[in-house]
Amino acid sequence: MSRALFSRRSLLGFGLSLGLLAALPAQAETELRIGYQKSSTLISLLKSQGSLEKSLASQGLKVSWHEFASGQPLLEALNVGNIDLSADVADTVPVFAQAAGAQLTYFARETPSPAAQAIIVQDGSALHSLADLKGKKVAVTKAAGAHYLLIAALAKANLTFSDIQPAYLTPADGRAAFENGKVDAWVIWEPFLSAAQHQLPTRTLADSKGLASYQRYYLTSTRFAKEHPQVLQTVYAELAKAGEWLRTHPVEGANILGPLWGNLDPAIVQQANSRRSYQVRPVLPSGLGEQQKIADAFLAEGLLPKRVNANDVAVWQPEAENAQ
């Protein structure tokens, strides 16, 4: 199967969603539907502590929570109108959504966390450099930040995506394939990375330092951003507070998040969190330069069907007193 054909299929959910949106029943404006992943740390904290529900109650809103395995299906659900707001996704995911014509709006970001994703191998592996990945089977989640890390790492070693055998797997399936020796390397992000490093004999070939900034973005539909700016203001403020609290309360945060992350040992959670910035900031159009590099890299590898202009996207700005 050609990479171009694969790309068209990978974007099918986004493309079909544009036609399906009109067929969805009207959503009552009394519920805010939030989609998130296991790695959506700040949203997970807000969910567990109930602080967001309390803040939104005065606006007559209840909150429902919807978990997804990774960022791409999360934004597909946002695009078709099945959720109203997406928790943080890796910087790569909105690029795929843009390529499919999704009408999404950035409303917050977390500042770079390049140590929060890495390419790992089994400790006894014969792979000792990025160049050694040539011809090898590498597990990676499609459209995730790890996907771009892999492209950037291969380029550093003067390799292209066609020089490896990619295995597109969810984090859970990637872990199983890696642990059972079905793949030669695994590209993964936190908290899955720290869990593997603590629980399995691994070595790190490379993390994102010097290769990818790895920012995470929060998104909503363009319609929702226009109609409910005060809701976004509340969510933004709560996210910023949660990020500040987690940075200053690492032990307490680990004790809360451990059970939510499959009863992970607090030491694993603390390590994972130490590699994330959790600094919530506004998204500025002038700051989307790396998004363009990501889009161009995927296009060059035949993984996007057309060029994406990273600045051709809506950006919501918080009120000045709450922006940092």
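Residues numbered from 1 in each chain as written. Predicted model: local features only at pLDDT ≥ 70, side-chain atom pairs only at ≥ 80, totals over all residues. Heavy atoms only, no water.

So, about the side chain of Gln-98. With respect to the helices, strands and loops of the structure, Gln-98 is situated in helix α6 (residues 93–99). For Gln-98, the contacting residues outside a window of four places in its chain are Tyr-106, Val-308, Asn-309, Ala-310, Asp-312 and Val-313. (Helix = DSSP H or I, 4+ residues; strand = E, 2+ residues; numbered from the N terminus. Contact = heavy atoms within 4.5 Å.)

A residue-level look at the protein chain finds 90% of positions with pLDDT of 70 or above and a mean pLDDT of 90. Contacts of residues 1–28 to residues separated by more than four positions or lying in other chains number 43 contacts, the stretch itself having pLDDT below 50. (pLDDT = per-residue confidence, 0-100.)

Below, the discussion takes up the packing of aromatic side chains. A complete count under the given rule lists seven aromatic pairs for this structure. For the pair Tyr-36 and Trp-65, a centre-to-centre distance of 6.4 Å together with 85 degrees between the ring planes defines the contact as edge-to-face. Here Trp-65 lies in strand β2 (residues 62–67) and Tyr-36 lies in strand β1 (residues 31–36), a separation of 29 residues in the sequence. Grouping residues by exposure puts Tyr-36 and Trp-65 together as buried. Ring plane angle 90 degrees and centroid distance 5.8 Å describe the contact between Trp-189 and Phe-192, whose orientation is recorded as edge-to-face. Exposure remark for Trp-189: the relative accessible area of 3% places this residue in the buried category. (Phe/Tyr/Trp six-rings, centres within 6.5 Å; stacked < 30°, edge-to-face > 60°. Buried < 20%, exposed > 50% of the residue type's maximum accessible area, 1.4 Å probe, protein only.)

Moving on, we get to the pattern of salt bridges. All told, the structure shown has eleven salt bridges when counted by the stated rule. Between Arg-216 and Asp-88 there is a salt bridge whose closest N-O contact spans 2.5 Å. On the criterion of sequence distance, the pair formed by Arg-216 in strand β10 (residues 216–221) and Asp-88 in strand β3 (residues 85–90) is long-range, its members being 128 residues apart. Grouping residues by exposure puts Arg-216 and Asp-88 together as buried. With a shortest N-O distance of 2.7 Å, Arg-275 and Glu-190 are connected by a salt bridge. (Salt bridge = Lys/Arg side-chain N within 4 Å of Asp/Glu carboxyl O.)

So, about the sheet that holds strand β6 (residues 137–140). The strand order β7-β6-β8-β5-β9 describes an open sheet built from five strands, whose pairing is mixed. Two strands in the sheet have a free side with no partner beyond their single neighbour: β7 (165–168) and β9 (202–207). Each neighbouring strand pair of the sheet contributes to a mean axis angle of 30 degrees, computed without reference to strand direction. Summarising the sheet, β6 and strand β8 (residues 185–189) pair through two bridges and their orientation is parallel. Of the residues in β8, the one forming a bridge with Ala-139 is Trp-186. Relative to the sheet, helix α7 (residues 145–156) contacts β5 (117–122), β6, β7, β8 and β9, its axis offset from that of β5 by approximately 70 degrees. Across the sheet, helix α8 (residues 171–179) is in contact with β5, β6, β8 and β9; its angle to β8 comes to roughly 145 degrees. (Pairing = 2+ DSSP bridges. Axes fitted to C-alpha atoms, helices over the stretch in contact; angles between N-to-C directions.)

A volume near 270 Å³ is recorded for the second largest pocket. Counting residues per element, the ones that place at least two in the lining of the second largest pocket are α8 and α9 (192–199). (1 Å grid on protein atoms, 1.4 Å probe; cavity = no way out; pocket = protein on both sides within 12 Å on 5 of 7 lines; lining within 4 Å. Points joined across faces, edges and corners; volume = space filled by probe spheres on them.)

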